[in-house]
Amino acid sequence: MAKTVQKRRSAVGQALVDEGVITPEQLQRALRVQSLLEEPKRLGEVLIELGYATRQAVTEAITKHGVGIRLGDMLVEQGIITLEALDMALAIQRGRGVRLGEALIQLGAINKHTLIHCIAHQAGVPFIEPTLSMIDPNLLRGVSPSYLTKHQFVPFSKNEEGRVTVVVSDLNNNDTRQAVDEMYQGNAIRALGPEEAICSSIEDFQRFREKAEDKSAPDVQFAEDPVVALVKYLFSQAIEQRASDIHIEPMTDKIRVRYRIDGVLVHKTDLPLDLLPKIISRIKILADCNISEHQKHQGGRLLFAYGEKEIDMRLSIYVTVYGESAVLRVLNKELALVSLDELGMSASMMERYRTDVLDLSTGVVLITGPTGSGKTTTMYSSIDYCNDLSRKIITAEDPVEFTIEGITQCSIFDKVGRSFEMSLREMVRQDPDIIVMGEIRDKTTAQVAIQAALTGHKVFSTFHTEDTIGGLLRLIDMEIETFLISSTVISIVAQRLLRRICQKCSAPYMPSAKEIQAVGLDIAEVRQYEYYRGRGCNHCAHTGYRGRVAAYELLVLDEEVKEAILQKKTAHEIRKISVETTGLVSMREDGVAKVVKGLTTFEEVLNRTPRTFDMHPLRQIASNTTAPQRATGDKK
Ligand SMILES: [Zn+2]
């Protein structure tokens, strides 16, 4: 094993030396260390562990030097495949004479889509996933669809100098190369795209052609300007794939288009750089921005017609060294009211939350987590549960994100003098039973919440802290008297959103020893259960995930915990007491329970939940019977 590692070493190491990240001596030393390891490890990892390079520097060097690094090495160094998988694939490659990529796909180590991305990157050509609506129709005039099918390429766009970008499915196919050269006199720019996308755009072209030739059919035309159609397509795709943001970024030699889906950026396609001015102009027109201004950052808003709906988008244009970069936030995310049972808390946790927290008539309930962790969803469903005719519920929110029938909601608005502080002062005079404060921002708002609870109200609010115990300590840090905290705060909920495995491409797999150790579980015990992950398909934008599920930590304060607060114990001590006396389950443990249920992966749990020291044994974590689950991020 060590020998094969040694043989494959040089390109990645050389890239790091060339970048000035490490010295040649450090490379030699790292290679020696790597060859002595019992369990094979990536060179990049060895360098990071030796303290020679940061993870960021390694990733950057690999990204920059993609050209020249062998495909297998690049996939390993980027953590897309394991060294074991590469060795197995190399053996298959030698034995059956197939390409490395094919061998990796056969092994299930990588999906086709990811592989094509990597090959394009390695070859230094743009990755373009074409559809008929993205293609400049002028380039299809007089071209026969069958010719394109036979030679496996489609023309895509034409630049100012008349050079045409064509998308091919195989960069090494001589027949394709000859056909392209013949058609464009050897002057075409090649991009790589998935075979299926190329074929289906040719098929669509064929259908279009047939319709156009049929005189009785309504006149079908490419009515729009190609760039107008392209922008429309990129926006529609983003909405279809449930993206929250669209990133259109100029780079040295191409435009990169990425979507943020379920909180993570996903590469959609590259586009020829020549299209940048036209695309940016088109978007600026839609958003009423100044199209002749190219030196200043700009912002705007636009309404995009998608089917029956009008989708609100917020645009930001940022002037970069390579040109203007556009980011669009898709604001249509209709926040749907989710019932308590659909939140995804385990059955026992939900029972607890209902009886020991929501059913009490007074006290402060805090929902905590970073931005985008689903706090608002949890808060609204909690309020909705408490909403009945016998109670007055009043809110001060910044802004109201979702309206619920029967409650008095207020969006704060500083400009007209309706500030947060003023709203808080006024809302208690509205004779409420339940007060909802958008967020506890500082000592003043914390005091208002505590005062309200002391005078017999129930108070809900959100908070920005890492976990439940962190929420308690934050209140102590704000110099709120500990006896006030312990006598008013009844519960803190902390949460994170984990991406949910795509149901369409979910397949069994066994997590690696490294992953299991990183989570803090016993390997032998973990191996007794079954695990799943998504292989990537059209349904999930090839990410293997679709929608999200929350991991929760529910702290219900009992006498022991209150006593610990009064004594100002440390976070570690308070957590220990909470685990022992209240049965606190951490977000990481709750996430692991959802991994065992086949809802998410260890990778998601590791990336998104704070570390838990002293994890409970998996048997205990997994046996927690849980309620029917539904995605919180997968609403129609
Ligand atoms: Zn899928």
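Cut-offs and rules
- Residues numbered from 1 in each chain as written.
- Predicted model: local features only at pLDDT ≥ 70, side-chain atom pairs only at ≥ 80, totals over all residues.
- Axes fitted to C-alpha atoms, helices over the stretch in contact; angles between N-to-C directions.
- Helix = DSSP H or I, 4+ residues; strand = E, 2+ residues; numbered from the N terminus.
- Parallel < 35°, antiparallel > 145°, perpendicular 65-115°, else oblique.
- Left-handed = near helix turned anticlockwise from the far one by under 90°.
- Contact = placed C-beta atoms within 7 Å.
- Nonpolar A, V, L, I, M, F, W, Y, C, P; charged D, E, K, R; others polar.
- Domains from an automatic or database assignment.
- Buried ≥ 20, exposed ≤ 12 C-beta atoms within 10 Å, placed from the backbone.
- Arc of directions from axis to C-beta.
- Pairing = 2+ DSSP bridges.

J.: Can you explain the packing of helix H7 (residues 83–96) against helix H8 (residues 100–107)? Please cite residues and give values.
T.: Where H7 meets H8, the axes come as close as 8 Å, and the angle between the chain directions of the two elements is 120°. Taken as axis vectors, H7 and H8 run oblique relative to one another. Of the two possible hands of crossing, H7 and H8 adopt the one that is right-handed. For the pair H7 and H8, the contacting residues are Ala-85, Met-88, Ala-89, Leu-90, Ile-92 and Gln-93 in the first and Leu-100, Ala-103, Leu-104, Gln-106 and Leu-107 in the second. A class-by-class count of the residues in the contact of H7 with H8 yields nine nonpolar, two polar and no charged.

J.: Outline the packing of helix H19 (residues 468–477) against helix H24 (residues 571–582), supporting the account with residue identities and numerical values.
T.: Here H19 crosses H24 at 130°, and the two axes come no closer than 10 Å. In terms of orientation, H19 and H24 fall into the oblique class. Our pair here, H19 against H24, has a crossing hand that is right-handed. Contact with H19, carried on its side by Ile-469, Gly-470, Leu-472 and Leu-473, involves Ala-571, Ile-574, Arg-575 and Ser-578 of H24 and no other residues of that element. When its residues are assigned to classes, the contact of H19 with H24 shows five nonpolar, two polar and one charged.

J.: Please provide a residue-by-residue account of the domain arrangement of the chain, values included.
T.: What the domain assignment reports for the chain is domain 1 (2–112), domain 2 (132–213), domain 3 (226–330) and domain 4 (340–622). Each of domain 2 and domain 3 was reduced to a C-alpha centroid, and the two centroids are 25 Å apart. Across the side of domain 2 that touches domain 3, the residue classes tally to four nonpolar, four polar and two charged.

J.: Explain helix H14 (residues 276–286) to me, using residue names and the numbers behind them.
T.: What sets the pattern is the α-helix's 3.6 residues per turn: residues three or four places apart point alike. By the burial criterion, the buried members of H14 are Leu-276, Ile-279, Ile-280, Ile-283, Lys-284 and Leu-286. Relative to the axis of H14, the buried residues are bounded by an arc of 160° and lie together on one face. In this structure, the buried residues of H14 make contact with helix H13 (226–240), strand E4 (243–250), strand E5 (254–261), strand E7 (298–306), strand E8 (309–320) and strand E9 (323–330). After H14 finishes, the residue Asp-288 shows a positive phi value of roughly 60°.

J.: An account of the sheet that holds strand E6 (residues 264–272) is needed here, citing residue identities and associated values.
T.: The six strands lie next to each other as E6-E5-E4-E9-E8-E7, forming an open sheet whose pairing is antiparallel. Whereas interior strands pair on both sides, the edge strands pair on one side only; in this sheet they are E6 and E7. Going across the sheet, the axis of each strand differs from the next one's by a mean of 20°, ignoring polarity. With four bridges joining them, E4 and E9 adopt antiparallel strand pairing. Paired with Ile-248 across the strands is Ala-326, a residue of E9. On the sheet, H14 packs against E4, E5, E7, E8 and E9 and is oriented at approximately 45° with respect to E9.

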